[in-house]
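# Per-entry structural report
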Amino acid sequence: MRWTISAKLVVMGVVAAAALTVMVALAYNSDVQVSGALEKVTSETRQQGMLTELRVAAMEIVLAANNAMVMRASTIDREQQDVIDRDFRMFDENAKNLEDSALEAGDRHMVTDGRALARSIRETLDKLKRVVNVDLPRALKEQDSAALLQVDSSTDQLGGVLDDALTELYKASNGEQGAALTDVDDTVSSASNISMTTYAAGLAILLTLLVVVGLSITRPINRLTRVMGDLAGGKLGTEIEDLGRSDEVGDMAEAVQVFKDNAVEKVRLEQEQVTTKQRAEQEKKQAMIALADRFERSVKEVVDGVSS
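The structure reproduced in this document is the subject of the present report.

## Thoughts on the overall build of the protein chain
If you tally the helices and strands in the protein chain, you get 6 helices and 0 strands. When the helices and strands of the protein chain are read in sequence order from the N terminus, they spell out α-α-α-α-α-α. Expected size for 308 residues packed as a compact globule is a radius of gyration near 19 Å; at 54 Å, the protein chain overshoots this value by more than 25%. Here the protein chain, with 308 residues, has 29% of them falling under the buried criterion. Put simply, 76% of the contacts in the protein chain that link residues at least 6 apart link residues at least 24 apart. Of the accessible surface of the protein chain, which amounts to about 19,500 Å², a share of 58% is contributed by carbon and sulfur atoms. The averaged location of the 49 negative side-chain charges in the protein chain is 10 Å from the averaged location of its 35 positive side-chain charges.

## As for the environment of N29
With respect to the helices and strands, the residue N29 is situated in helix α1 (residues 5-71). Residues N29 and A191, spaced 162 residues apart in sequence, show a C-alpha to C-alpha distance of 8.6 Å.

## A look at the packing of helix α2 (residues 78-93) against helix α4 (residues 114-142)
Axis separation between α2 and α4 bottoms out at 12 Å; the angle between their running directions is 165°. It follows from the interaxial angle that α2 and α4 lie roughly antiparallel. For the element pair α2 and α4, the recorded crossing hand is left-handed. Contacts between α2 and α4 involve Q81, I84, F88, F91 and D92 from the former and L125, L128, K129, V132 and N133 from the latter. Among the residues forming the contact of α2 with α4, the class breakdown is 6 nonpolar, 2 polar and 2 charged.

## A few points about the pattern of salt bridges
Where charged atoms from two side chains of opposite charge come close, those side chains can pair. Inspection of the entire model under this criterion finds 9 salt bridges. Here R55 makes a salt bridge to D163, at a shortest N to O gap of 3.0 Å. Of this pair, R55 sits in helix α1 while D163 sits in helix α5 (residues 145-232), and the two are 108 residues apart along the sequence. Note on R55: relative accessible area 26%, which makes it partly exposed. When the shortest N-O distance is used, the salt bridge between D100 and K96 registers 2.9 Å. Of the two residues, D100 and K96 are both situated in helix α3 (residues 95-107); the distance of 4 residues between them amounts to about one turn of the helix. The exposed category is assigned to K96, whose relative accessible area is 52%. The network of salt bridges with shared partners includes E60, R86 and D87.

## Brief notes about the nonpolar core
Counting 36 residues, the largest nonpolar core has F91, L98, I121, L136, L162 and L169 as the members making the most contacts within it. Those elements that provide at least two residues to this core are α1, α2, α3, α4 and α5. In this view, I121 contacts L98, L162, A165 and L169; residues no more than four positions away in its chain are not counted.

## Looking at the packing of α3 against α4
Look at α3 against α4: their axes get within 7 Å of each other, and the N-to-C directions meet at 155°. Classified by the angle between their axes, α3 and α4 sit roughly antiparallel to one another. You can see that α3 and α4 cross each other, and the crossing is right-handed. Across the interface between the two elements, L98, E99, A102, L103 and G106 of α3 pack against G114, R115, L117, A118, I121 and R122 of α4. Considering only residue class, the contact of α3 with α4 consists of 6 nonpolar, 2 polar and 3 charged.

## Concerning the environment of Q47
Secondary-structure assignment places Q47 in helix α1. When neighbours within four sequence positions are excluded, Q47 is seen to be in contact with N97, S101 and S173.

## So, α2
Counted at 1.5 Å a residue, the expected span for α2 with its 16 residues is 22 Å, and the 22 Å between its end C-alpha atoms agrees. Inspection of α2 places Q80, Q81, V83, I84, D87, F88 and F91 among the buried residues, and these make up the whole buried set. Across the axial projection of α2, the buried residues extend over an arc of 160°, all falling on one side. Exposed positions of α2 whose direction lies more than 90 degrees from the buried face are R78, E79 and E93. Measuring from the side-chain oxygen of the N-cap residue of α2 to the backbone nitrogen of E79 gives 3.0 Å; that N-cap residue is D77.

## Observations concerning unusual backbone geometry
We note that H109 has phi near 60°; this positive angle belongs to a residue other than glycine. Looking at where H109 falls in the secondary structure, it is placed in the loop between α3 and α4. Phi is positive for Q143, which is not a glycine, with a value near 55°. Locating Q143 in the fold gives a position in the loop between α4 and α5.

Parameters at a glance
Residues numbered from 1 in each chain as written. Predicted model: local features only at pLDDT ≥ 70, side-chain atom pairs only at ≥ 80, totals over all residues. Heavy atoms only, no water. Helix = DSSP H or I, 4+ residues; strand = E, 2+ residues; numbered from the N terminus. Rg over C-alpha atoms; globule rule 2.2 N^0.38 Å. Buried < 20%, exposed > 50% of the residue type's maximum accessible area, 1.4 Å probe, protein only. Contact = heavy atoms within 4.5 Å. Areas by Shrake-Rupley, 256 points an atom, 1.4 Å probe, with all protein chains shown as cover. Lys, Arg positive; Asp, Glu negative; His and termini not counted. Charge placed at Lys NZ, Arg CZ, Asp CG, Glu CD. Axes fitted to C-alpha atoms, helices over the stretch in contact; angles between N-to-C directions. Parallel < 35°, antiparallel > 145°, perpendicular 65-115°, else oblique. Left-handed = near helix turned anticlockwise from the far one by under 90°. Nonpolar A, V, L, I, M, F, W, Y, C, P; charged D, E, K, R; others polar. Salt bridge = Lys/Arg side-chain N within 4 Å of Asp/Glu carboxyl O. Core = buried A, V, L, I, M, F, W, Y, C linked by side-chain atoms within 4.5 Å. Expected span 1.5 Å × (residues − 1). Arc of directions from axis to C-beta. Polar contact = N/O pair within 3.5 Å; in protein donor to acceptor, adjacent residues only side chain to side chain.

The values are spatial; any link to function lies outside them.
Below, the structure is given as structure tokens:
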């Protein structure tokens, strides 16, 4: 493969693109991890909100039942009944969420036994519904003091058990939220460290590659520029160092060598022309001298002949 300047520049571009791709992939992966951790925090926040609402609903059910017993009316007041119905409906709507929360808390060892806790909540709710919706109306209708006392004791006890279970789930959710927040911090810190390390390594590689490739291009070009200046100044003995290279610089060096050879040949021809001219003039001079000598001899012979 011919390692040309174009190929070097292409390699630099590929390396830069690869480094950028790696950094983008790391950033995306970090974003996914952080988003997942934040989603967990948000989910636990909603879970805590639901549990708080259910705790309030449980207290409202107990208070409504107690108010009905205090009033000693033959039936539960309409307003109190609406509160009871609304709160039990809230428990029914969130029954699946409660069970899932208890099971998840058990799987994560945030509670002792998630299945037992879910079963306890379900059974406690069923008992509380029966006491409030069946036993309490019957006791009020019959105005049975003993039955009302039993209902009062049962509602307080069941309300306490339900509140304890919801509180346990709330604490478990709070622990999960704390762990998720820790995960967010760890993920952000890890992502920052990895990003900085990758950025520094990528920058070092790119700078090294840029310097190496740049010097491999600029140094020979500077040498060729200096050689061409010397040749233009008449220093035809200057050596061309970059002949034989496989890139464009080698092509340029060969072109400069041709220029040098032509310049040397031109000088040689000029010197040869000067030598030839000098030789011709010398031969011409010698011929004229010989001609003069012959003429002088001829004249002398004539004179000698006349004299004789």
